[in-house]
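Single-letter residue listing:
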Amino acid sequence: MLFSLPTLKTCQVLVDEFRSAPQPFEPEKLRFAGVGDRDVYNISAPFVDEGEWVIAGRVEARDSEQSEVYFFVERDGVWVPREGAPVFALQDPFVSRIHGQLVFGGVETFPHPVFDGEHSWRTVFYRGPNIRRLEKFAEGPDGMKDIRLVELKDGSIGVFTRPQGEKGGRGKIGFTRIFSLDELTPDVIEAAPILDAQFTDEEWGGVNEAHLLANGLVGALGHIACFDEHGNRHYYPMVFVLNPETMERSELELLALRSHFLDGPAKRPDLANVVFSGGLIRKGDGTAELYAGVSDAEAQKISLIDPFAKYEAQELDRMYASV
């Protein structure tokens, strides 16, 4: 077996284990301009578009959750809106590369169909050769966030899901495979099997970004979250690794705590201990940079030991035994 059977662990157990692991280092706040006095948080990691590094970021007033997603480029150490780039009425942006196309998405909110004055949400997807030519092609089921895509070694597409309610409780991670972006439908997403032994019923989590490793494994960057006895939210950046052929996977591991990042404001007091994984840049030297939203009010990055390197070095004996 590539991995031992994962053990169900609470946020507190993971925090306790993490305190004896290698700690992250060199936190840095990202500076944004050009959006007035609004906050920029829950960013993507930088990605290259038409030869230029770009960050997608959630832009929002401190006292509101009506957000827009801007694409930012760096100018003299400050990230500013990219001239001519589209702006989307979405939350929590993400990007991936699938079959040579840029796939971009985020969370769209809309009036709840049953409860007056409340909102629901869905994940929407766009694709194109570049940011300027993105076109909507799919949407997830109503009420589901944290749907992420990754192109697998055989050319198929891995789909991470996060159902809630009857199937997923407060939020659990599912996984399925499709062979074309045109197959990404609400029914396919809803039918994805749940990865068990990851979250207790009182806690929840999701995948924020997926990486294809050199040996065909998938490195999942995500979050695990819980409430404390006072109703405060606690979000922790975490990773696990999945074998998409056998569905074997590693234990959840935390990457950082809020205290590892620089002090700063929070959107609300109950969000002070929130770190929302945005993306991971693997440096190739055994380290990586985690880009994250912090306390729902700002964006930071921090350096750490590459969490996927130890898994990437493993051989997929079961997959390649007959080759």
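Here goes a summary of the coordinates provided. (Residues numbered from 1 in each chain as written. Predicted model: local features only at pLDDT ≥ 70, side-chain atom pairs only at ≥ 80, totals over all residues. Heavy atoms only, no water.)

1. Focus: the pairing of strand β13 (residues 174-178)
Move 1: Burial within β13 is extensive, with four of its five residues counted as buried.
Move 2: Note that strand β12 (residues 157-161) and β13 share five bridges and pair antiparallel. Bridging from a neighbouring strand, Thr-161 pairs with Gly-174 of β13. (Buried < 20%, exposed > 50% of the residue type's maximum accessible area, 1.4 Å probe, protein only. Helix = DSSP H or I, 4+ residues; strand = E, 2+ residues; numbered from the N terminus. Pairing = 2+ DSSP bridges.)

2. Concerning the packing of aromatic side chains
Describing an aromatic ring pair means giving the distance of the ring centres and the angle of the ring planes.
Move 1: In the structure shown here, the tally under the stated rule is 14 aromatic pairs.
Move 2: Members of the aromatic cluster, each reached through a chain of ring pairs, are Phe-71, Phe-88, Phe-104 and Tyr-126.
Move 3: Between the NZ or CZ atom of Arg-122 and the centre of the ring of Phe-110, over which it lies, the distance is 3.8 Å.
Move 4: The residue whose ring lies beneath Lys-145 is Trp-121, and the NZ or CZ to ring-centre distance is 5.0 Å. (Phe/Tyr/Trp six-rings, centres within 6.5 Å; stacked < 30°, edge-to-face > 60°. Lys NZ or Arg CZ within 6 Å of the ring centre and 35° of its normal.)

3. Comments concerning the side chain of Glu-203
Move 1: Along the polypeptide, Glu-203 turns up in the loop between α2 (186-190) and β14 (204-212).
Move 2: Arg-170 is the oppositely charged side chain nearest to the buried, salt-bridge-free Glu-203, at an N-O distance of 8.0 Å.
Move 3: Within the local environment of Glu-203, its side chain forms a polar contact with the backbone nitrogen of Cys-11, the two atoms lying 2.9 Å apart.
Move 4: With near-sequence residues (within four places) excluded, Glu-203 lies in contact with Lys-9, Thr-10, Cys-11, Arg-170, Gly-171, Ile-224, Ala-225 and Cys-226. (Lys, Arg positive; Asp, Glu negative; His and termini not counted. Salt bridge = Lys/Arg side-chain N within 4 Å of Asp/Glu carboxyl O. Polar contact = N/O pair within 3.5 Å; in protein donor to acceptor, adjacent residues only side chain to side chain. Contact = heavy atoms within 4.5 Å.)

4. Digging into the sheet that holds strand β7 (residues 91-98)
Move 1: Spatially, four strands are ordered β7-β8-β9-β10 in an open sheet, and the strand pairing comes out antiparallel. Two strands close off the open sheet at either side, each with one partner strand: β7 and β10 (135-139). Within this sheet the neighbouring strands show an average axis-to-axis angle of 30°, counted without direction.
Move 2: One ladder, built from six bridges, connects β7 with strand β8 (residues 101-111); its direction is antiparallel. Across the sheet, Arg-97 pairs through a bridge with Leu-102, a residue of β8. (Axes fitted to C-alpha atoms, helices over the stretch in contact; angles between N-to-C directions.)

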